[in-house]
Structures are given as structure tokens and as C-alpha cells.
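# Results of the structural survey
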Amino acid sequence: MLEPTKMQRLNELAKKKKAGNLTPAETKEQETLRKEYLAIFRTGMKETIENTKIIDPEGNDVTPEKLKVIREKKVVQ
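### Overview of the overall build of the protein chain
- Of regular secondary structure, the protein chain possesses three helices and zero strands.
- Moving toward the C terminus, one meets the helices and strands of the protein chain in the order α-α-α.
- Relative to the compact-globule value of 11 Å for 77 residues, the protein chain shows a C-alpha radius of gyration of 19 Å, a clear excess of over 25%.
- Projected onto its principal axes, the C-alpha coordinates of the protein chain cover approximately 55 × 30 × 20 Å.
- A buried classification covers 14% of the 77 residues belonging to the protein chain.
- Of the contacts formed within the protein chain by residues at least 6 apart in sequence, a portion of 26% connects residues at least 24 apart.

Right under this line is the structure:
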């Protein structure tokens with residue numbers, strides 16, 4: 001998760017942008033913070049998806065093979 005201070009600053013910049021008062025330096029700062037936030041979010045989402053097991057109503061594991069292979073590679077490493 002993005003540090004609370006960085007998240008707060010990102011929100012402040014978003015509000016300021018809505019008001020139309022961002023300076024070029026703040027625009028660059030906002031872009032940097034967004035990239036950092038998205039990288040962290042994507043990593044967390046990837047981990048969630050890779051660790052999901054799908055079970056059908058009959059109780060059978062119907063997890064896609066691609067996910068099973070990814071999990072097996074993680075165990076080996």
C-alpha cells in the first residue's frame with residue numbers, strides 16, 4: 001500500500017487539479033505519485049489473482065491451467 005502521507009498528497013493534488021490550480025512541478029509530482037500507486041496496486045492485484053482457486057458448484061477445482069503453472073513456478077523458486 002502507498003504510504004499514507006503520499007496517498008494524502010496525491011489526493012490533495014487531485015483536488016487542486018480539479019480546481020485548475022496545478023503548477024507544472026505539481027503536475028510532475030502527481031504523475032510520479034500515480035505511477036508509484038499504480039505499480040503497488042497492480043502488484044497486489046496480480047498476487048490476489050495468482051493465489052485464487054476457483055471451485056465449481058460440484059466442488060471441482062476449475063482453476064485455469066495458466067494460474068496453476070504460475071503457482072507451481074512460485075513454489076519451485
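Still more ground to cover, so stick around.
### Topic: helix α2 (residues 24–50)
- Taking 1.5 Å of rise per residue, the 27 residues of α2 would be expected to cover 39 Å, and the 39 Å separating its terminal C-alpha atoms lies within 8% of that figure.
- Where α2 is concerned, the buried positions are Glu-26, Gln-30, Leu-33 and Glu-50.

### Some points on the packing of α2 against helix α3 (residues 65–76)
- With their axes 10 Å apart at the nearest point, α2 and α3 run at an angle of 105 degrees to one another. When the interaxial angle is binned, α2 and α3 end up roughly perpendicular. Contacts from Glu-47, Ile-49 and Glu-50 of α2 reach α3 at Leu-67, Ile-70, Arg-71 and Lys-74.
- Looking at the contact of α2 with α3 residue by residue, the classes come out as three nonpolar, no polar and four charged.

Rules used in this analysis
- Residues numbered from 1 in each chain as written.
- Predicted model: local features only at pLDDT ≥ 70, side-chain atom pairs only at ≥ 80, totals over all residues.
- Heavy atoms only, no water.
- Helix = DSSP H or I, 4+ residues; strand = E, 2+ residues; numbered from the N terminus.
- Rg over C-alpha atoms; globule rule 2.2 N^0.38 Å.
- Buried < 20%, exposed > 50% of the residue type's maximum accessible area, 1.4 Å probe, protein only.
- Contact = heavy atoms within 4.5 Å.
- Expected span 1.5 Å × (residues − 1).
- Axes fitted to C-alpha atoms, helices over the stretch in contact; angles between N-to-C directions.
- Parallel < 35°, antiparallel > 145°, perpendicular 65-115°, else oblique.
- Nonpolar A, V, L, I, M, F, W, Y, C, P; charged D, E, K, R; others polar.

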